[in-house]
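Descriptive analysis of the structure
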Amino acid sequence: MLRPYIFEEAPNMAMVTSIQKFDVRSRDREELIDVTRQVTEAIRASGVTSGLCTIFVPHTTAAVTIHENADPDVPRDLVHAFARAIPNEGFRHGEGNSDAHAKASLVGNSETLLVDGGAPALGTWQGVFFCEFDGPRTRQVWVKVVADHL
Amino acid sequence: MLRPYIFEEAPNMAMVTSIQKFDVRSRDREELIDVTRQVTEAIRASGVTSGLCTIFVPHTTAAVTIHENADPDVPRDLVHAFARAIPNEGFRHGEGNSDAHAKASLVGNSETLLVDGGAPALGTWQGVFFCEFDGPRTRQVWVKVVADHL
Amino acid sequence: MLRPYIFEEAPNMAMVTSIQKFDVRSRDREELIDVTRQVTEAIRASGVTSGLCTIFVPHTTAAVTIHENADPDVPRDLVHAFARAIPNEGFRHGEGNSDAHAKASLVGNSETLLVDGGAPALGTWQGVFFCEFDGPRTRQVWVKVVADHL
């Protein structure tokens, strides 16, 4: 099948997408905030129907995780579990937030979602949560989407 | 070099790959299960020879990790270490599995592998493990592969 | 707009990039080592200006994280926090390094960065750190970059 590549045959073709950014405003020192809607909108805006979407948090005392969005007790329990595993004592760093750094590193600064049908492929109970570990602050979340083919 | 793009010159070109899914059956409440073979087959089926492969677990009390596949004591030690770091007590969520939620969040719902030569690029001792934290259950693992070029 | 695809219109088109690899030499049993420079060079060498970059550590007792590169006390505090959450006792695995396995699994074997303008998109205080948990050893870090469009 030797033929030139024609644009009309590539409905999934993505433009060079600059990074999409949105703000998150935390109210507590430690808090999980549902950002599923913003991520879904970023994927739609990218025009990519099938591929990968990486969500990146450009901070060192915040993170991103994929977790249950049904019972609000679950995000609170996560905050509690992380605080118990990483107590904020015995550290050298002068700012007093080394626990936040360690939690951010364990939870992780990025998550990669599968994109299918122009939307994030998530399990029934899953949402994308921004994790604040040293708030309250105004934070950023960055999103980039790549297509999986021509 | 001004010429039309010809399909025959793109051996790595991937089709629009729908997400590939397979089931995992856990037998214990907490257990690591080697799924390297299934992931390797999904990469082969995608037709992508060079790119990235993201493995995504669509559950909130299970996760995926890349770890040693040689000594079966290592997965058991991981389960033990996670349980010690995140004891299941002091939580609010009514289902009694908040420890599983926290472990899933720390270990992570996705892993991204490098794809080279149509196979996952893994270190000598590495395998891909599904992590059950609230079994036994029948679970799903989702896989998506993107090519790194035309 | 029906026209053949022309190479000159695709400044971001990546070649089939083989995995780029570099060595890291750790000096202590547990240590975080800044590899931001090597990752930045690998992205530049790939020729990709916009896309995703996955950093993969092919070892089972080492990991990679994105973290603060300003105050050297922060990496030391991370090592301390991880060691406190995962004490090296009560394990079965005969090599005596099960804590290192568990830490590697929690911190994670891969990180995915956003690539923009041919460089990694990082927050002001962020760097990429190789995490040694069972050194001193000579280790490898693997990097792969995919473009986000034609």
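Throughout this document, residue positions are counted from 1 along each chain, in the order its sequence is written. Chain letters start at A and ligand numbers start at 1, both assigned in the order the entries are written. Predicted model: local features are reported for residues with pLDDT of at least 70 only, side-chain atom pairs are reported and counted for 80 or more only, and whole-chain, interface and lining totals are derived from all residues. Remark: hydrogens and water are excluded; side-chain values derive from all non-hydrogen atoms of the structure.

**So, the sheet that holds strand β1 (residues 20-25) of chain C**
Residues and elements named next belong to chain C. Quick note on the threshold: At least two DSSP bridges between two strands are required for those strands to pair. Think of it this way: any DSSP run of H or I at least four residues long counts as a helix, any run of E at least two long counts as a strand, and we number them from the N terminus. Axes here mean lines fitted to C-alpha atoms, for a helix over just the part in contact, with angles spanning 0 to 180 degrees between N-to-C directions. Whether two residues are in contact is decided by their heavy atoms: any pair within 4.5 Å suffices.
Pairing in this open sheet of five strands is antiparallel, and the strands run β1-β8-β3-β5-β6 from one edge to the other. Looking at the sheet topology across the chains shown, the edges are occupied by β1 and β6 (119-121). Here the strands of the sheet are splayed against their neighbours by 35° on average, with no regard to which way each runs. Relative to strand β8 (residues 138-147), strand β3 (residues 50-56) runs antiparallel, the two being bridged by six bridges. Residue pairing across strands places F56 opposite W142, the latter belonging to β8. Along the sheet, helix α1 (residues 36-46) contacts β1, β3, β5 (110-116), β6 and β8; its crossing angle with β1, the most-contacted strand, is approximately 165°.

**What to know about the sheet that holds strand β1 (residues 20-25) of chain B**
All names here are of chain B. Reading across the sheet, the five strands line up as β1-β8-β3-β5-β6 and stay open at both edges, with antiparallel pairing between neighbours. Edge positions in the sheet fall to β1 and β6 (119-121), since each of these pairs with one other strand and no more. Ignoring strand direction, the axes of neighbouring strands in this sheet form an average angle of 35°. The sheet contacts of helix α1 (residues 36-46) involve β1, β3 (50-56), β5 (110-116), β6 and β8 (138-147), and relative to β1 the element is tilted by about 165°.

**Side note on the packing of aromatic side chains**
The condition is simple: Stacked, tilted and edge-to-face are the three classes applied to pairs of Phe, Tyr and Trp rings, where Trp contributes its six-membered ring and a pair requires centres within 6.5 Å; stacked means planes under 30 degrees apart, edge-to-face means over 60, and tilted covers the rest. Whether a charge sits over a ring comes down to the Lys NZ or Arg CZ being within 6 Å of the ring centre and within 35 degrees of the ring normal.
Applying the stated criterion across every chain yields a total of six aromatic pairs over all chains. Above the face of the W142(A) ring, K21(A) is positioned so that its terminal group lies 4.3 Å from the ring centre.

**Description of the pattern of salt bridges**
Applicable threshold: For salt bridges, the criterion is a side-chain nitrogen of Lys or Arg within 4 Å of an Asp or Glu carboxyl oxygen. Three labels apply to residues, based on accessible area from a 1.4 Å probe with only protein chains included: buried if under 20% of the type maximum, exposed if over 50%, partly exposed otherwise in between.
A complete count under the given rule lists 27 salt bridges over all chains for this structure. A salt bridge links E30(A) to K103(A); its shortest N-O distance comes to 2.7 Å. Taken as a pair, E30(A) in the loop between β1 (20-25) and β2 (31-34) and K103(A) in helix α3 (residues 98-107) lie far apart in primary sequence, 73 residues in all. With relative accessibility at 21%, the residue E30(A) sits in the partly exposed group. Take K103(A): its relative accessible area is 2%, and that puts it in the buried class. With a shortest N-O distance of 3.3 Å, K103(C) and D99(C) are connected by a salt bridge. Of the two residues, K103(C) and D99(C) both sit in helix α3 (residues 98-107), four residues apart, roughly one turn of that helix. Residues K103(C) and D99(C) agree in their burial class; the two are buried. A single salt-bridge network, built from bridges that share partners, covers R29(A), E30(A), D99(A), K103(A), D134(A) and R137(A).

**Section: the confidence of the model for chain A**
Residues and elements named next belong to chain A. The condition is simple: Each residue carries a pLDDT value, the predictor's own confidence for that position, ranging from 0 to 100.
The pLDDT averaged across chain A works out to 88; a share of 87% of its residues lies at or above 70. In this model residues 1-15 is a low-confidence stretch, pLDDT under 50, and it forms 46 contacts with partners more than four residues away in sequence or in other chains. We note a pTM of 0.90 for the whole complex and an ipTM of 0.88 for its interfaces.

**Quick notes on α1(B)**
Residues and elements named next belong to chain B. This is how the line gets drawn: The arc refers to the directions leading from the helix axis to the C-beta atoms.
Along α1, the residues classified as buried are T36, Q38, V39, A42, I43 and S46. Taken end-on, α1 shows its buried residues confined to a sector of 165°, consistent with a single buried face. In α1, the exposed residues that point more than 90 degrees away from the buried face are R37, R44 and A45.

**Thoughts on the environment of E31(C)**
Residues and elements named next belong to chain C. Inclusion rule: Distance and chemistry together define a polar contact, namely a pair of N or O atoms within 3.5 Å, with one atom able to donate a hydrogen and the other to accept it when in protein, and with adjacent residues in sequence counting only for side-chain atoms on both sides.
You can see E31 is positioned in strand β2 (residues 31-34). Look at E31 and you get buried, because its relative accessible area is 17%. Side-chain polar atoms of E31 contact the backbone nitrogen of R27, separated by 2.8 Å. Of note is the side chain of E31, whose polar atom sits 3.1 Å from the backbone nitrogen of D28.

**Some remarks on the environment of V128(A)**
All names here are of chain A. Note on placement: V128 falls in strand β7 (residues 126-132). A relative accessible area of 0% means that V128 is categorised as buried. Each C-alpha atom, one on V128 and one on I55, is 9.1 Å from the other, the two residues being 73 residues apart in sequence. Residues within four places of V128 in sequence aside, it is in contact with I33, D34, V35, T36, V39, I55, V64, T65 and L113.

**Points about the state of the cysteines**
Note the following rule: By definition, disulfides here are pairs of cysteine sulfur atoms that lie within 2.5 Å.
A complete count under the given rule lists zero disulfides over all chains for this structure. Note on C53(A): no disulfide assigned, nearest cysteine sulfur contributed by C131(A) at a separation of 16 Å.

**Quick word on empty space enclosed by the protein**
Put simply, the rule is: The distinction between a cavity and a pocket rests on a 1 Å grid over the protein atoms alone: a 1.4 Å probe fits inside a cavity but cannot get out, while a pocket stays open yet meets protein on both sides within 12 Å along at least five of seven lines, and a residue with an atom within 4 Å of a point counts as lining. Grid points are joined across faces, edges and corners, and a volume is the space filled by probe spheres set on the points. Only Asp, Glu, Lys and Arg are considered charged, only Ala, Val, Leu, Ile, Met, Phe, Trp, Tyr, Cys and Pro nonpolar, and every remaining residue, Gly among them, polar.
On inspection of all chains with the given rule, the structure shows three cavities of 30 Å³ or more. Taken as a whole, the largest cavity encloses approximately 250 Å³ of empty space. S110(A), S110(B), V107(C), S110(C) and E111(C) are the residues nearest the centre of the largest cavity, which is lined by 22 residues in total. The residue makeup of the lining of the largest cavity, split by class, is six nonpolar, 13 polar and three charged.

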